[in-house]
Amino acid sequence: MFSFFFSAKLFAQENNAFISGRIFDENQHPLSNIFVHIKENAQGIYSNDSGYFKLSVPAEMPVKIEFSAANYNSLEKIFFIEKNQTQTVTIFITEKNTTLADVTVSSEKQRQQTGLIEISPDKAILNPSPVNGIEGLIKTLVGSNNELTSQYSVRGGNYDENLVYVNGFEIYRPFLVSSGQQEGLSFINPMLTQNVQFYTGGFQAKYGDKMSSALDVTYIHPTENHGQAYVSLLEQGLSFEGLSKNKKFTYVVGVRNRDNSNVTKSQPTQGSYIPSSADAQALLTYSFSKKFSMELLGNYSKTKFTFYPQSEQLMASVFSPLYVADYGANIDFTGSEKDKYTTNFAGLTFIHKPNNKFTLKYLFGYFRDNERQNTDITGSYIFGNRDANGNIDTDPDNLLGEGSTQNFARNNLKIDLWSAQHLGSYNGGKNFIQWGAKAERQTVSSLMNQWTYSDSAGYSLPHTGTQVLMSNVLQNNEHLDITRFSGFAQDNILFNDSSAYTLQVGARFNYNNLNKEFLVSPRVGFSFKPKNWQKDVVFKASAGIYDQPPFYREMIAFDGSVNTQLKAQKSWQAVVGVDYNLKVFDRPARWTTEAYYKNMWDVDPYDINNVNIQYYANNDAKAYAYGIETRLFAQLVKDADSWLSLGIMRTKENISGLNYTDYLNAEGETITASSQDKVVADSATRSVGWVRRPTDRLVTFGMFFQDYLPQNKNFKVYLNTLFGTNMPYNIPGSTRYRNALEIPSYLRVDIGFSALLLDAARKQRSHSPFLGVKNIWASLEVFNLINHDNTISYTLLKSFDNETYALPNRLTPRLLNFKIVANW
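Going along each chain's sequence as written, the residues are numbered from 1 onward. Predicted model: local features are reported for residues with pLDDT of at least 70 only, side-chain atom pairs are reported and counted for 80 or more only, and whole-chain, interface and lining totals are derived from all residues. As a rule here, side-chain values come from all non-hydrogen atoms in the structure, and water together with hydrogens is ignored.

> So what exactly am I meant to see when it comes to the overall build of the protein here?
When helices and strands are tallied, the protein shows six helices and 44 strands. A 1.4 Å probe rolled over the protein chains alone gives each residue an accessible area, and that area as a share of the maximum for its type sets the label: buried under 20%, exposed over 50%, partly exposed in between. Of all 824 residues assigned to the protein, the portion counted as buried reaches 54%. Working rule for contacts: check all heavy atoms of both residues, and any pair within 4.5 Å makes them a contact. Pairs at least 24 apart in sequence give 67% of the contacts found in the protein among residues at least 6 apart. Note on areas: Shrake-Rupley with a 1.4 Å probe; residue coverage comes only from the protein chains shown. Of the accessible surface of the protein, which amounts to about 36000 Å², a share of 55% is contributed by carbon and sulfur atoms. Under the scheme used here, helices are H or I runs from DSSP no shorter than 4 residues and strands are E runs no shorter than 2 residues, and both carry numbers assigned from the N terminus.

Structure follows, in structure tokens:
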């Protein structure tokens, strides 16, 4: 009898199979205490703190498995597994009252926070954009005026006002890059990205000391062995992820290479462009136990930009405020530009979870930036009016001006940054308390020497008659050691179980030993969801102080001197918004609208030329920004997420002491350049007053749209559209007409057509060379589909009559790109 029961038990074991994997919510956060069981059986198991589970099931027969928890919608799946085999799966379940697990309809946590947008990283690879990555998607939400850079402007702020985090570490970029052509890869690798949270404003105290936005990226924690590769005419990438047999060790590794030659060779300046950029990243994790784990994040990035210009032809009908003409210029170049940017980063994180309520993290990071710029380019130009065929009239008697300009730079910058940080959280049910403290040591070594020599019709500009002078001279030899301390504490309070009321209260502090300024930044947020409404609506608001202590670049004045006593830029900000889940074409959709106001003081004014931000290095301005943003996330086509974004904004500044002199005739009238009476009888000093900031753009519109063939979803189209009204541009040295020039409206349409070449769901023969490949996609992308001429900056030239002419520098014309993406 004993042998009979033993044999029966052994037989049952031999006919068992297993299902294992991890369970996530719609934001790809692991879920614990999810009950996993066979549908007809009350016995089962619960997922652990990392969302992992492993369930024994009968083999070689259909089995219905249910995944359930109190606050989540139950999910049922049917499996058929061969004897003694284990099937690994990844399960996503949604919170109750949540319809979709993608960007269309979000979780309640997302809806409760002002400014928060969650982005699906899987769309970044197939998004038709010259900036291949997360930033390309962000630009459809906040706008852009330059497709050659990953930089973006949020609610009137410049790129230096944006925070970027990867797995809890703040990320920095090279500081000396002056044009989008020189930029390489951004730090964020979309192949390694699992979760993206982007705050356009009103973010919580746990995020650092900047005034505009916060981008919080989490890299993948693998649940299975996986790989991805893509190849295009602009960029190539390869990534691997996997885990050990005991699931204690996981790894995700990615390498990328980018060559912008196909883009740069289409630029108005003809010559030999040799741009290249490559990086390697890895995230390694090890779980010592359920309570202790460790992460190691590393990155190495290297960018080179070599340029031998030959010639350029510029055409314009836009010029200085005092003169109108239809003209152009021919420029011949000699010399070269050679730039090199290298960054290294390593971050080590120890995670301790004493129980289900506490999480403690200890982060140690090191960042190094090494930049070199070598430029010596001379351009000889002639310019004049254009004839009926658009050609420049080169008759010497008809020329408007001629001369030459030499740009010289020998810049070297090294930055080393060490940081030690503690982050903690306590989940008390109705209270979610978070805190943190950080110590940071920055070492900056800078040796900079750059200038511009301008010769107009044989005269050195600026012209004194006795001296040869340079313009735009920037020189320094600095070494700075800066220690910074910062920290925060905040509580997210849930007032009742229905999530109708939430309150976020917190504050930050910041201190550095350079200017010895101690800052405290209180912040508060509130959300309210009416319980008895038929409509699914959340009202929310936030307010707080957002300070920005200066980093090295904000301290450098136009002449290269470093103002070590520069204070932090300060602001108070308020945001109110509404979040509405609705139906569009009988499909779930989400509509959000937010209005905001920023009042800023101790502002450090700046000019923008391409992507170069040149600060005044003085806290001598005040500013404001206000606007409204509305976005619709919807499936305009079933099973294809799309979104529309519209923003209206105004931002202005008033720089203290920015005055100009008006010269008056005997009648007290202002003498203008066109006045016939040039006799000066008197003068008057006037304040420039409130003027547009360099980022001022009244209207911004963005759209990301997906579609597919009605009878075949394997053929898809992605449309990326950006529009922005004009922006101001400053003429250097022009006080009276600060930011008086305008960069015309930006309009760009990029489109991509994708086809599924191979699908793992289709039966494959055992000898197929693609055995094990999940899918292969091929895409044809058309950048700047309508071939619209967009302007990024101006080249300023002096005429024989000493008038200033502005000739626009154009961005990329229509270009083609081909891409193949494979997953296995």
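> Whenever I open this one, the packing of aromatic side chains confuses me. Can you help?
How two aromatic rings sit relative to each other is given by the distance of their centres and the angle of their planes. Two aromatic rings from Phe, Tyr or Trp, using only the six-membered ring of Trp, form a pair when their centres are within 6.5 Å; if the ring planes differ by under 30 degrees the pair is stacked, by over 60 it is edge-to-face, and anything between is tilted. By the definition in use, this model includes 36 aromatic pairs. Note on Phe169 and Phe345: the rings are 5.4 Å apart at their centroids and 70° apart in plane angle, and the pair reads as edge-to-face. One end of the pair, Phe169, is in strand S10 (residues 169-170); the other, Phe345, is in strand S18 (residues 327-352), with 176 residues separating them in the sequence. Like Phe345, Phe169 is buried. Through a chain of ring-to-ring contacts, three or more aromatic side chains come together here, namely Tyr165, Tyr199, Phe203, Tyr207 and Tyr546. The aromatic ring of Phe18 is capped on one face by Lys54, whose charged end is 5.0 Å from the ring centroid. We count a charge as sitting over a ring when the NZ of a lysine or the CZ of an arginine lies within 6 Å of the ring centre and within 35 degrees of the ring normal.

> When you look at the side chain of Ser232 in this model, what are you seeing that I'm missing?
Along the chain, Ser232 turns up in strand S13 (residues 226-232). For Ser232, the contacting residues outside a window of four places in its chain are Asn817, Phe818 and Lys819.

> Would you mind going over helix H4 (residues 134-142) with me for this structure?
Each full turn of the α-helix corresponds to 3.6 residues, which orients residues three or four apart in the same direction. For H4, the buried fraction is high: nine of the nine residues fall into the buried class. Ile134, Glu135, Gly136, Leu137, Ile138, Lys139, Thr140, Leu141 and Val142 are the residues of H4 that are buried.

> Is there a simple way to explain the pairing of strand S27 (residues 570-584) in this structure?
On a regular strand, one side chain projects to one face of the sheet and the next to the other, so that they alternate. The pairing criterion for strands is at least two bridges between them, as found by DSSP. In terms of strand pairing, strand S26 (residues 536-545) meets S27 through ten bridges, oriented antiparallel. In the strand pairing of S27, Val537 is matched with Tyr580. As paired strands, S27 and strand S28 (residues 587-603) are joined by 15 bridges and run antiparallel to one another. Its bridge partner being in S28, Tyr580 is matched across the sheet by Trp591. Two successive antiparallel strands, S27 and S28, enclose a turn made up of two residues, where Phe585 displays a positive phi of approximately 55°.

> When you look at unusual backbone geometry in this model, what are you seeing that I'm missing?
In this model, Phe585 sits at a positive phi of 55°, which is unusual for a non-glycine residue. Note on placement: Phe585 falls in the loop between S27 and S28. Accessibility expressed as a relative area gives 58% for Phe585, which makes it exposed. One non-glycine residue, Asn787, adopts positive backbone phi at about 55°. As for its position among the elements, Asn787 is in the loop between strand S41 (775-783) and strand S42 (791-798).

> Which parts of the structure should I look at to understand the pattern of salt bridges?
For side chains of opposite charge, pairing can occur when their charged atoms come near one another. Just to be clear on terms, a salt bridge is a Lys or Arg side-chain nitrogen sitting within 4 Å of an Asp or Glu carboxyl oxygen. Under the defined criterion, the tally for this structure stands at 28 salt bridges. Among the salt bridges present, the one from Glu653 reaches Arg693, with a minimum N-O distance of 3.4 Å. Residue Glu653 is located in strand S32 (residues 640-655), and its partner Arg693 is located in the loop between strand S35 (690-692) and strand S36 (699-709); the two are separated by 40 residues in the primary sequence. Note on accessibility: Glu653 and Arg693 belong to one class, buried. The closest approach of N and O atoms between Asp750 and Arg748, which form a salt bridge, is 3.1 Å. Take Asp750: its relative accessible area is 4%, and that puts it in the buried class. Residues joined by salt bridges that share partners form a network here, namely Arg155, Glu594, Glu629 and Arg631.

> I tried to follow the sheet that holds strand S7 (residues 86-92) on my own but got confused; where do I start?
Two pairing modes exist for strands in a sheet, parallel and antiparallel, and in both the strands are linked by backbone hydrogen bonds. A sheet is described by the order of its strands in space; here three strands give the open sequence S4-S1-S7, paired in mixed fashion. Two strands lie at the open edges of the sheet, namely strand S4 (52-58) and S7, each paired on one side alone. The average angle at which neighbouring strand axes cross in this sheet is 25°, direction not considered. Here seven bridges tie strand S1 (residues 16-24) to S7, and the two strands are oriented parallel to one another. Residue Ile19 lies in a different strand from S7, and its bridge partner there is Gln87. In this analysis, axes come from line fits to C-alpha atoms, helices being fitted only over the stretch in contact, and the angle between any two N-to-C directions falls in the range 0 to 180 degrees.

> Help me understand the nonpolar core, please; the structure alone is not making it clear to me.
Taken as a class, soluble globular proteins show a tendency for nonpolar side chains to be buried jointly. In terms of nonpolar packing, the biggest core is built from 64 residues, with Tyr152, Leu215 and Tyr552 touching the most fellow members. In terms of residue count, the dominant contributor to this core is H4 (five residues). Among residues more than four places away in sequence, those in contact with Tyr552 are Leu413, Val444, Ser446, Met448, Asn476, Glu478, Leu480 and Val562. Only buried residues count toward a nonpolar core, which is a set of Ala, Val, Leu, Ile, Met, Phe, Trp, Tyr and Cys residues joined through side-chain atoms within 4.5 Å. By size, the runner-up hydrophobic cluster in this structure holds 19 residues, among which are Phe53, Ala59, Val89 and Ile93.

> It is not clear to me how the environment of Asn84 should be interpreted in this structure. Could you clarify?
Here Asn84 shows up in the loop between strand S6 (72-79) and S7. Between the C-alpha atom of Asn84 and that of Phe18, which follows or precedes it by 66 residues, the distance is 7.5 Å.

> What is the right way to look at the pairing of strand S44 (residues 815-823) in this model?
Judged from the five bridges that link them, S13 and S44 form a sheet pairing that is antiparallel. Within the sheet, the bridge partner assigned to Ala229 lies in S44 and is Ala822. As judged from the nine bridges shared by S41 and S44, these two strands associate in the antiparallel manner. If you follow Phe783 over to S44, its bridge partner there is Leu815.

> Would you take a moment to explain the side chain of Asp607 for this structure?
Tracing the sequence through the fold places Asp607 in strand S29 (residues 606-609). The class of Asp607 is buried, set by a relative accessible area of 13%. Here a polar contact is recorded for every N or O atom pair within 3.5 Å, except that within protein the pair must consist of a potential hydrogen donor and a potential acceptor, and residues adjacent in sequence are included only if both atoms are side-chain atoms. Of note is the side chain of Asp607, whose polar atom sits 3.1 Å from the side chain of Asn730. Within the structure, Asp607 has its side chain in polar contact with the side chain of Arg738 (distance 2.8 Å).

> Help me out: how do you make sense of the sheet that holds strand S5 (residues 63-69) in this one?
Sheet architecture is open: four strands sit in the order S3-S2-S5-S6, paired in antiparallel fashion. Each of the sheet's edge strands pairs with one partner strand only, and the pair in question is strand S3 (44-46) and S6. The mean angle between the axes of side-by-side strands here comes to 20°, regardless of whether they run parallel or antiparallel. As defined by bridge partners, S5 adjoins S6 across six bridges and the pair is classed as antiparallel. Paired with Glu66 across the two strands is Glu76, which belongs to S6.

> Teacher, can you tell me more about the environment of Asn189 here?
Structurally, Asn189 is set in the loop between S10 and strand S11 (193-199). Residue Asn189 is classed as buried on the basis of its relative accessible area of 0%. Leaving out residues up to four positions away in the same chain, Asn189 has contacts with Tyr219, Gly254, Arg256 and Gln281.

> So what exactly am I meant to see when it comes to the confidence of the model for the protein here?
In low-pLDDT segments, the atomic positions of the prediction should not be examined closely. On average, residues of the protein score 86 in pLDDT, and 88% of them reach the 70 mark or higher. Predicted confidence is poor over residues 98-106, with pLDDT under 50, and the contacts of this stretch with residues over four places away or in other chains come to 35 contacts. Note that pLDDT drops below 50 for residues 318-324; the model gives that stretch 16 contacts with residues more than four away or on any other chain. Confidence of the predictor at the level of single residues is captured by pLDDT, which takes values from 0 to 100.

> Help me understand a nonpolar patch on the surface in this model?
Exposure above 30% relative accessible area and the absence of a salt bridge qualify a residue for a patch, where like charges join within 9 Å and nonpolar side chains (Val, Leu, Ile, Met, Phe, Trp, Tyr) within 5 Å. Nonpolar side chains collect at one region of the surface, where Phe249, Val253, Leu284, Tyr286, Phe288, Phe292 and Leu296 lie side by side and expose about 560 Å² of accessible area between them. Looking at the element boundaries, Leu284 is found in strand S16 (residues 269-287).

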